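# Fold and geometry: a report
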Amino acid sequence: MSLRSIFNKASRSVSQLLCRNQRYPAIIPQRLRSDDSLDSFDDNPYSFVDETFLSMKGRNELEIKHLLWIAADLKERIKKWNETIRPLEGKSVAMIFQKRSTRTRVSTETGVALLGGHSVFLTESDIHLGVSESLADTARVLSGFVDVILARVNVHDDLKTLAKNASVPVVNGLSDIFHPLQILADFLTLQEHYGYLHGLNLAWVGDGNNITHSLMMAAPKVGINLNIATPKGYEPHTDLRKACAEFAEEHGTSVNYTSDPREACAGANVIVTDTWVSMGQETEAQKRLKDFKGYQVNDELVKVAADNWTFLHCLPRKPYEVSDEVFYSDHSLVWQEAENRKWTVMAVIASLVTDLEPEIPVPKWKQ
């Protein structure tokens, strides 16, 4: 490298540092401390390095908020300020997909690349997943090639098997029980829109599925009250309802279950729904459409919500789940929510490989 190149590189680095100091004056990256304000700091950043990320159940309040802070930091610095942040330089991510996807695949591939890493997309037709080779052996083999394994699977137990036998972190890209990456994107979206999370009333209208379960494992911890409406026979898992009740009691939030969408949406700040027929449930489609009659989120239903109501959907969406009037309204945050899948998966994967220290101020969680 010539002396001129070295000088130019050093000048750019100094300029970037000066710009950072102007944008974030007196901000020293430190750890969130659990106190009344939740805006204080401790000495050391959280470390998620070498951990697995299979669900939100085992994540505490401050861990969730720290991941959201990292995601917000990456989004602002890369998207707004055009900074180059490459914590995944020289790192590889294996992406195992038993189920097709738009958002999970594209957000992960583009996000990993943006952070300097390389992703390898693998379907069941590409590798011997659980057929010619056991899941355990696949986990061991991939661990010798990559630094992180992200898996989108049919059965949650397959993720547990991968995590048990892999020597690198395993991330849940979706399973039949949990979808934790989606919930981080939802929370980031809500924090950006409202400027806080604590005290929001969230109504779930639809199937008691992996999205519902993930909300139940995380929302109470960040101060969000839950009102869950599902048709009879489609309620969330009983053991997860018990865990959710414990989280709600610990954090002073509420959780209620009903089969009446209007009851759930009464006074709601946030209304969330999802597909009524998930991948693999196609043979149940006609029965489900009949059972979910009256569960469409539409103009009539949102009349009972709070004046500042917003709508979320993890996509793809069917018109019978939510009307065009709601889906394409100014109250709908679905496109922002979809984009935030990228920033949150970036935060998770990068945090499993190296300790990231946010440079923007910690977001506000309370009004």
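See the structure shown above.
Residues numbered from 1 in each chain as written. Predicted model: local features only at pLDDT ≥ 70, side-chain atom pairs only at ≥ 80, totals over all residues. Heavy atoms only, no water.

## Notes on the pairing of strand β10 (residues 270-273)
How we decide: Burial classes: relative accessible area under 20% of the type maximum marks a residue as buried, over 50% as exposed, and values in between as partly exposed (1.4 Å probe, protein chains only). Secondary structure follows DSSP: runs of H or I at least 4 residues long count as helices, runs of E at least 2 residues long count as strands, and numbering of each begins at the N terminus. Pairing between strands requires that DSSP locate at least two bridges from one strand to the other.
Residue alternation in β10 divides its side chains into two sets, Val270 and Val272 and Ile271 and Thr273, and both sets are buried. Bridge count for β10 against strand β11 (residues 310-313) is 4 bridges, and the pairing is parallel. Directly across from Val272, in β11, lies its bridge partner Leu312.

## Some points on the pattern of salt bridges
Let me state the cut-off plainly: Salt bridge, as used here, is a side-chain nitrogen of Lys or Arg placed within 4 Å of a carboxyl oxygen of Asp or Glu.
This structure, assessed with the given rule, holds 17 salt bridges. Note that Arg77 is salt-bridged to Asp73, the shortest N-O span being 2.7 Å. Of this pair, Arg77 and Asp73 are both found in helix α2 (residues 61-80), 4 residues apart, which corresponds to roughly one turn of the helix. With respect to burial, Arg77 and Asp73 carry one shared label: buried. Of the charged contacts, one joins Glu359 and Arg77 as a salt bridge, the two residues approaching to 3.6 Å between their closest N and O atoms. Here Glu359, found in the segment after α13 (334-353), pairs with Arg77, found in helix α2; they are 282 residues apart in sequence, far enough to count as distant. Like Glu359, the residue Arg77 is buried in the burial classification. Among the charged side chains, a salt-bridge network with shared partners connects Asp73, Arg77, Glu83 and Glu359.

## Thoughts on the packing of aromatic side chains
Operational definition: Under the pairing criterion, centres of Phe, Tyr and Trp rings, with the six-membered ring standing for Trp, must be within 6.5 Å; the plane angle then separates stacked pairs below 30 degrees from edge-to-face pairs above 60, leaving the rest tilted. Here, over-ring charges are defined by two tests on the NZ atom of lysine or the CZ atom of arginine: distance to the ring centre within 6 Å, and angle to the ring normal within 35 degrees.
Applying the stated criterion to the full structure yields 8 aromatic pairs. Summarising the aromatic geometry, the rings of Trp276 and Tyr320 are spaced 5.1 Å apart at their centres and angled 40 degrees between planes, so their arrangement reads as tilted. Taken together, the residues span a long stretch of sequence, with Trp276 in the loop between β10 and α10 (285-291) and Tyr320 in the loop between β11 and α12 (324-327) at a distance of 44 residues. An aromatic cluster of at least three residues, connected via ring pairs, comprises Tyr234, Trp276, Phe292, Tyr295 and Tyr320. For the cation-ring pair, Arg105 lies above Phe121, with the distance from its terminal atom to the ring centre recorded as 3.6 Å. Lying across the ring of Trp343, Lys342 places its NZ or CZ 4.7 Å from the centre.

## Focus: the packing of helix α7 (residues 210-218) against helix α8 (residues 238-251)
What counts here: Angular values range over 0 to 180 degrees, each being the angle between N-to-C directions of two axes fitted as lines to C-alpha atoms, with helices fitted over their stretch in contact. Every angle not falling under 35 degrees, over 145, or within 65 to 115 is termed oblique; those three ranges are roughly parallel, roughly antiparallel and roughly perpendicular. Each crossing gets its hand from how the near helix is turned against the far one by less than a right angle, where anticlockwise is left-handed and clockwise is right-handed. Contacts are assigned to residue pairs that have any heavy atoms within 4.5 Å of one another. Note on residue classes: Ala, Val, Leu, Ile, Met, Phe, Trp, Tyr, Cys and Pro are nonpolar, Asp, Glu, Lys and Arg are charged, and everything else, Gly too, is polar.
Packing of α7 against α8 brings their axes to within 8 Å, and their N-to-C directions diverge by 30 degrees. As far as their axial angle goes, α8 and α7 are roughly parallel. When you trace α7 past α8, the crossing you get is left-handed. Judged by residue contacts, His213, Met216 and Met217 of α7 engage Leu240, Arg241, Ala243, Cys244 and Phe247 from α8. Considered class by class, the residues forming the contact of α7 with α8 number 6 nonpolar, 1 polar and 1 charged.

## Description of the sheet that holds strand β7 (residues 201-205)
Pairing in this open sheet of 5 strands is parallel, and the strands run β9-β8-β7-β10-β11 from one edge to the other. Taken across any chain shown, the strands that pair with only one partner, and hence form the sheet edges, are β9 (255-258) and β11. Neighbour-to-neighbour, the strand axes of this sheet turn through a mean angle of 20 degrees, independent of strand direction. Pairing analysis gives 5 bridges linking β7 to strand β8 (residues 225-229), with the strands arranged parallel. Of the residues in β8, the one forming a bridge with Trp204 is Ile228.

## Details of the environment of Val270
Inspection of the secondary structure puts Val270 in strand β10. Considering only alpha carbons, one finds Val270 and Asn201, 69 residues apart in sequence, at a separation of 6.3 Å. Discounting chain neighbours no more than four positions away, the residues touching Val270 are Leu190, Tyr194, Asn201, Leu202, Ala203, Thr310 and Leu312.

## What to know about the sheet that holds strand β4 (residues 118-123)
Overall, parallel pairing links the 4 strands, which are arranged β4-β3-β5-β6 in an open sheet. In this open sheet, the two strands that pair with only one neighbour each are β4 and β6 (170-174). In this sheet, adjacent strand axes meet at a mean angle of 20 degrees when their direction is disregarded. Across 6 bridges, strand β3 (residues 92-97) lies against β4 in parallel orientation. Its bridge partner being in β4, Met95 is matched across the sheet by Phe121. The strands touched by helix α5 (residues 156-165) within the sheet are β3, β5 (148-152) and β6, with β6 carrying the most contacts at an inclination of about 165 degrees.

## Some remarks on the side chain of Gln191
Mapping Gln191 onto the fold places it in helix α6 (residues 180-194). Here Gln191 is in contact with Tyr196, Leu197, Pro363, Lys364 and Trp365, once residues within four sequence places are set aside.

## A look at α5
Looking at α5, one finds that the buried residues are His156, Leu159, Leu162, Ala163 and Asn165. For α5, the secondary structure elements touched by its buried residues are β3, α4 (135-143), β5 and β6.

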